[in-house]
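Structural overview
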Amino acid sequence: MFRTAVRNVFAHKARLLMTLLAVLLGVAFVSGTLVFTDTIGTAYKNQAATSYADTAVGITSYPDPDGSGGDGHRDLGVSAATVQHIAALPGVATATGRVDGFAGVADAKGKLIGNGWSNTGANFAPGKDGKDPRYAFVSGTGPTRAGQIALDQDTARKGGFHVGSTARVATNGPVRTYTVTGVFTTDDGSVSAGGSLVLFDTASAQSLYLAPDHFKDVTVTAKPGASQNTLLNEITPLLPKDSSAVAQTGQQLADQQSKDIEHQFSSLSTMLLAFAGIALFVGVFLIANTFTMLVAQRTRELALMRALGASRRQITRSVLTEALVVGVAASAGGFVAGVGIAVALRSAMSSFGAKVPGGPLVVAPSTVVVAFAVGVLITVLAAWLPARRAAKIPPVAAMSSADLPAPTKSLVLRNSFGGLLTAVGVAMVLTGGARGGSGGRWTVGGGAAVLLTGVIVLTPLLSQPVIAAVRPLLARVFGVSGNLAARNARRNPRRTAATASALAIGLSLITGMTVLGLSLGRAIDKTTVDNLSADYMVQMANGTPLDGSVAREIAKVPGVTDATAVQHADFTLDGHFTAVTAADPGGLTRTVRIDTVTGSRSALAQGKVLVQDKVAEEHGWKVGDTVQADYPDGTHAEVTVGGTYGDNLALSDVVMPRSMLAPHVTKPEIQVVLVRTANGASAATSQAITDALGDNPAISVMDQQGIRDKFGGMVNDMLSILYGLLGMSLVIAVLGVVNTLAMSVFERRREIGMLRAVGLDRRRVKGMIRLEAVVISLFGAATGIVLGLFVAWATGESISGSVPGYAMVLPWTRIAVFLALAAMVGLLAAAWPARRAGRMDILESIKTE
């Protein structure tokens, strides 16, 4: 029987091709994900291990030079004197102080080089040999005095800099011009993440980022034979008691970074494998459909084997062996393709600006096992039901070439089970939507899975009335071809259901994600751009606070009517740690639309505070109440609630006049400056503001569209990624349509020959096949879209309480595009089967048994 099964695979290799491709794509997704995450994760772990290889002890601090941490204490990290004491310990070879912060380099057009958030400046700390072991210079040397810098090689290449060039660099203060003394390579994380790295001499870096003679971090190397733990015990007592500085051994630092990397890539791997699972789940329908049709087409052959003495078990094993052979072959191809995908993804990361550490391709034995196990198990399990049906074919069927119809009982049981699952799924989704919160979202997710399963089981029943309803329209528009196409789609409801279900799964997920994404984007617009009267928002590209002079310089620009500095602070109010926005009352009310729920906006000008209404309700605060404010400098005062306001992402939980907060902070943390102009936003005004700020590449000047892109861009990027990840399941669904039509044409070749004989020309035969594909594709798409909308509505209901301004958005244009694409998928999938049907020889087809 094994030899028979293998011969059957080769005899029907063309019909099994789509099944093999579906499994291959799914396995490629799985193995590619595992190889990619293992390779990148190992590369970063090796890089971390290398960076800490010579470190005996590392000291890390979290300086607060302005004393804004809440108790008024200034934390300056580690002093140079402490570093000298550490260096004098018997087992210490070197003790090197480090200090860093933001530094952005402008290119020839004045634009920031790098992504902003990981653009870094640091000190060049040479040893006795004049070299800093962290950096390998490809030209020139490190900076030795003020006015000099060194640049990482990528930044130098992008900006066209070389030794002797001048470069404009923005830090936390005004833009300054420096002379480039060297270009270096490094494995620093800021450069790997797509940012830039600027090296200053130590004194300059300390003045820019901390305080003279103070360091943020210290790296200690040991003399031969010195123990890391011994050095740690000796160094710890030397650290200032009132500092945030913490000492750890180099091994502890390497281990912690390794754990962090493993956690990050584990999350990425889980997400990618989830989408691979969706693709494989869709492939199950294709596999089951293929083997079901093969069994039906080989009814006489299988019955003859039964008549010759083969038992039911042998027949089942024969079909499952065929599935096993297909699964092994597809898994092997998928594994090879997956390795190729991993290599391509690694290259793609580099092309998108992420500098990936070098290292070998990692193909773990577990990856090979998982790839083959997934491919083989999916194929064999999907073929199990067709194999059981094959075993039930009676020997008497050898006397006829007709396919045996499935017993009615199976559909009755299937419909009953599907109806039960659907009812349970709907109930769970509705319950989760009404419940809300995290628990409600989990209930909606579980209900969506149950509902999707139930609808898939019910699809044969659903397809009958739906396709029957559109048959008159098809007959009226396309004539005989349309009528026959609708009848063919209804002829075998199981086959139609299995083909349509694959499309329904993909489109239900895509539709649901699209609705949620667009609804979240609209909610963000409502609570940001819609709440701003300002024409521009000015902020640092890396999110750090702006200098206090920015608002004053913008206010001098002709045409600017308001330049409101919006300050941020965190402290306790009435015992609750609270985020606070502070600004000039007049400027704030002219640049931000504050919709008061109770009280009045004018209360700000009276020295009172405004509280977000949900926060006020949670804490039991009402207009007129006084609450105690524990300011960052450690002082206490009573403040009066003057009003409450609705959702507004431009503001924190509490808003107070800037004059009320100013005496209690050493340096104001100005997050943004909101700008209003007399004539609205224009290119000329935007350029004038940029010029007023010294053409600073680190400062972003955004109009309302720029603000919208900033806050909503992440949602759009996430949707694009999800579309790409779900694309694999749609590709497999298309293969399913192609496979079903191709095998259907083969199965109906005698019928097609008869139609040709009675006058149906080739054009209308092709049209019949194409329309059948379009009908099945649109039915699957419509089912998926309806499911996606329902689940998206319930999910939205569950998150509406925690997402300000959330309201469901129905993307009719995108839904129309999805349906059009589904119809196009049907047409493309039918191209080869329709061409094959049109080319059939009439006499050869009619005499086929």
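Residues numbered from 1 in each chain as written. Predicted model: local features only at pLDDT ≥ 70, side-chain atom pairs only at ≥ 80, totals over all residues. Heavy atoms only, no water.

1. Description of a positive patch on the surface
Taken together, the side chains of R312, R388, R389 and K392 present a region of like positive charge at the surface. Mapped onto the elements of the fold, R312 is located in helix 10 (residues 312-351). What makes R312 partly exposed here is its relative accessible area of 48%. (Patch = residues over 30% accessible without salt bridge, like charges linked within 9 Å, V, L, I, M, F, W, Y side chains within 5 Å. Areas by Shrake-Rupley, 256 points an atom, 1.4 Å probe, with all protein chains shown as cover. Salt bridge = Lys/Arg side-chain N within 4 Å of Asp/Glu carboxyl O. Lys, Arg positive; Asp, Glu negative; His and termini not counted. Charge placed at Lys NZ, Arg CZ, Asp CG, Glu CD. Helix = DSSP H or I, 4+ residues; strand = E, 2+ residues; numbered from the N terminus. Buried < 20%, exposed > 50% of the residue type's maximum accessible area, 1.4 Å probe, protein only.)

2. Topic: helix 3 (residues 80-87)
If you check which residues of helix 3 are buried, you get A80, T82, V83 and I86. For helix 3, the arc enclosing every buried residue in end-on projection is 155°, short of the 170-degree limit, so these residues lie on one face. Facing away from the buried surface of helix 3 by more than 90 degrees, the exposed residues are Q84 and H85. Check the buried side of helix 3 and you find it contacts strand 1 (57-60), strand 2 (78-79), strand 3 (92-98), strand 12 (214-215), strand 13 (217-222) and helix 7 (228-235). (Arc of directions from axis to C-beta. Contact = heavy atoms within 4.5 Å.)

3. Quick look at the nonpolar core
Nonpolar side chains in soluble globular proteins tend to end up buried together. I732 and I769 are the most contacted members of the largest nonpolar core, which totals 58 residues. The contact partners of I732, leaving out residues within four places of it in the chain, are A22, L25, G26, A279, V282, G283 and L286. Of all hydrophobic cores here, the second largest spans 33 residues; its members include V27, L302, A303 and V326. (Core = buried A, V, L, I, M, F, W, Y, C linked by side-chain atoms within 4.5 Å.)

4. A word on the packing of helix 14 (residues 437-478) against helix 15 (residues 480-491)
Interhelical geometry of helix 14 versus helix 15 gives an angle of 165° and a closest axis separation of 6 Å. Between helix 14 and helix 15, the angle falls in the class roughly antiparallel. Along this stretch, helix 14 crosses helix 15, giving a crossing that reads as right-handed. Facing Q464, I467, A468, R471, L474, A475 and F478 of helix 14, the residues of helix 15 in contact are V480, S481, G482, N483, A486, R487, A489 and R490. Along the lines of polarity and charge, the residues of the contact of helix 14 with helix 15 split into 8 nonpolar, 4 polar and 3 charged. (Axes fitted to C-alpha atoms, helices over the stretch in contact; angles between N-to-C directions. Parallel < 35°, antiparallel > 145°, perpendicular 65-115°, else oblique. Left-handed = near helix turned anticlockwise from the far one by under 90°. Nonpolar A, V, L, I, M, F, W, Y, C, P; charged D, E, K, R; others polar.)

5. Thoughts on the environment of V339
Among the structural elements, V339 can be located in helix 10. By relative accessible area, V339 is classed as buried at 18%. Sequence separation between V339 and A469 is 130 residues, and the spatial gap between their C-alpha atoms is 48 Å. What V339 contacts, discounting residues up to four positions off in sequence, is V35 and L361.

6. Things to note about the sheet that holds strand 14 (residues 246-249)
The sheet built from 4 strands is open, its strands ordered 3-13-1-14 with antiparallel pairing. Each edge of the open sheet carries a strand with a single partner, namely strand 3 and strand 14. Direction aside, the axes of adjacent strands within the sheet are offset by 15° on average. Sheet analysis places strand 1 next to strand 13, joined by 4 bridges and oriented antiparallel. Considered in strand 13, the bridge of I59 is made with V218. Lying over the sheet, helix 3 contacts strand 1, strand 3 and strand 13, oriented at roughly 165° with respect to strand 3. (Pairing = 2+ DSSP bridges.)

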